[in-house]
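# Structural features, examined
Read off the chains here:
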Amino acid sequence: KESNDPAFISASVGAGKTVNIGAIAAHVSELGGRVLVIARTGELVAQNSAMAWKMGVKNSTYSASLNTKSTFYPVVMGTEGTVSGALDSEFKNVKFDLILIDECHHVNEVEVTQALSDKKEKDEYSQYTKIITHFMRSNPKTRIIGYTGSPFRGTTDIIGGFWRRKIYDVSTMYL
């Protein structure tokens, strides 16, 4: 069943999240789509970007910690803080077809769900919430896929609120 519901992939360390991110970004960009990949740290952005380049995916990086802010290519790899800080400038009129979130268990699903139902953005919302609501409002058909090695926020399973379904699970036991 085709769905626009936010979904995630649970994959343990060593399961190939970075390769999967690169493969999905390649597929969408080859179809003419735009992809935003968000990670918490510049180190993860650099890792995702380098793997994507190795896979032939031209991509820009948008991360203050990496001293680069480019949106030239249709695939943009960015840190949450730097992207969030540019929503009213560099990303004001940009639309993405797909947002991939590395370490998606950090997204506050209750807050995002509330923010999407609000008609205006609030300054107190988290950076992830601001990013998701901004791009979902500019393109309601934006699809969101998260990646996590730990599908819990604290002790609560992330599925059910914002994250509607788990697409795949690569557990440590499976590996």
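Residues numbered from 1 in each chain as written. Predicted model: local features only at pLDDT ≥ 70, side-chain atom pairs only at ≥ 80, totals over all residues. Heavy atoms only, no water.

## A closer look at the sheet that holds strand E6 (residues 98-102)
Spelled out, the test is: Pairing between two strands is assigned when DSSP locates at least 2 bridges connecting them. Here a strand is any run of E in DSSP of at least two residues, a helix any run of H or I of at least four, and the numbering for each starts at the N terminus. Contact between two residues is taken to exist if any of their heavy atoms lie within 4.5 Å; hydrogens are not considered. Here an angle of 0 to 180 degrees is reported between the N-to-C directions of two axes, which are lines fitted to C-alpha atoms, with helices fitted over the stretch in contact.
Within the open sheet, the 8 strands sit side by side as E4-E3-E5-E2-E6-E7-E1-E10. Their pairing is mixed. Looking at strand neighbours, the two that pair on one side only are strand E4 (68-69) and strand E10 (165-170), the edges of this open sheet. Bridging between strand E1 (residues 7-11) and E10 involves 5 bridges; their strand directions are parallel. Across the sheet, residue Phe8 finds its bridge partner in E10, namely Lys166. Of the strands in this sheet, strand E2 (35-39), strand E3 (59-63), strand E5 (75-79) and E6 are in contact with helix H2 (residues 42-54), which crosses E5 at around 160°.

## A word on the packing of aromatic side chains
Threshold: Planes of paired rings set the category: under 30 degrees apart is stacked, over 60 is edge-to-face and the rest tilted, where pairs are Phe, Tyr or Trp rings (Trp by its six-membered ring) whose centres lie within 6.5 Å. We call a residue buried when its accessible area falls under 20% of the maximum for its residue type, exposed when it is over 50%, and partly exposed in between, using a 1.4 Å probe and counting protein chains only.
Inspection of every chain in the model, using the stated rule, returns 8 aromatic pairs. Summarising the aromatic geometry, the rings of Phe91 and Phe135 are spaced 6.0 Å apart at their centres and angled 90° between planes, so their arrangement reads as edge-to-face. Note that Phe91 is positioned in the loop between helix H3 (80-85) and E6 and Phe135 in helix H5 (residues 127-138), a separation of 44 residues in sequence. Side by side, Phe91 and Phe135 carry an identical accessibility label, which is buried.

## Here we look at a nonpolar patch on the surface
Test applied: A patch consists of residues whose relative accessible area exceeds 30% and which take part in no salt bridge; residues with like charges are grouped when within 9 Å of each other, and nonpolar side chains (Val, Leu, Ile, Met, Phe, Trp, Tyr) when within 5 Å. For the accessible areas, the method is Shrake-Rupley and the probe is 1.4 Å, while residue cover comes only from the protein chains on display. Every case where a carboxyl oxygen of Asp or Glu lies within 4 Å of a side-chain nitrogen of Lys or Arg is listed as a salt bridge.
Together, Ile167, Tyr168, Tyr174 and Leu175 make up an exposed nonpolar region whose accessible area comes to about 470 Å². As for its placement among the helices and strands, Leu175 is situated in the segment after E10. With relative accessibility at 53%, the residue Leu175 sits in the exposed group.

## Some details on the pattern of salt bridges
Under the defined criterion, the tally for this structure stands at 2 salt bridges. Arg40 is the salt-bridge partner of Glu80, the closest N and O atoms lying 2.9 Å from each other. With Glu80 in helix H3 and Arg40 in the loop between E2 and H2, the pair connects residues that are 40 residues apart, well separated along the chain. Put simply, Asp169 and Lys166 hold a salt bridge, and the shortest N to O gap is 3.9 Å. Lys166 gets classed as partly exposed once you look at its relative accessible area, which sits at 38%.

## Considerations on H2
Selection rule: Multiplying 1.5 Å by the residue count of a helix minus one yields the expected span of that helix. What the arc measures is the spread of directions leading from the helix axis to the C-beta atoms.
Between the first and last C-alpha of H2 there are 18 Å, a value that for 13 residues agrees with the 18 Å anticipated at 1.5 Å per step. Among the residues of H2, those classed as buried are Gly42, Leu44, Val45, Asn48, Ser49 and Ala52. Buried residues of H2, viewed axially, fall in a sector of 160°; they line one side. Opposite the buried face of H2, at more than 90 degrees from it, the exposed residues are Glu43 and Lys54.

## Some thoughts on the pairing of E3
Across the 5 residues that make up E3, a large majority, 5, are buried. Covered by surrounding structure in E3 are Asn59, Thr61 and Ser63 together with Ser60 and Tyr62, the residues of both alternating faces. Counting the residues in the hairpin turn of E3 and E4 gives 4 residues, including Asn67, whose phi is positive at 55°.

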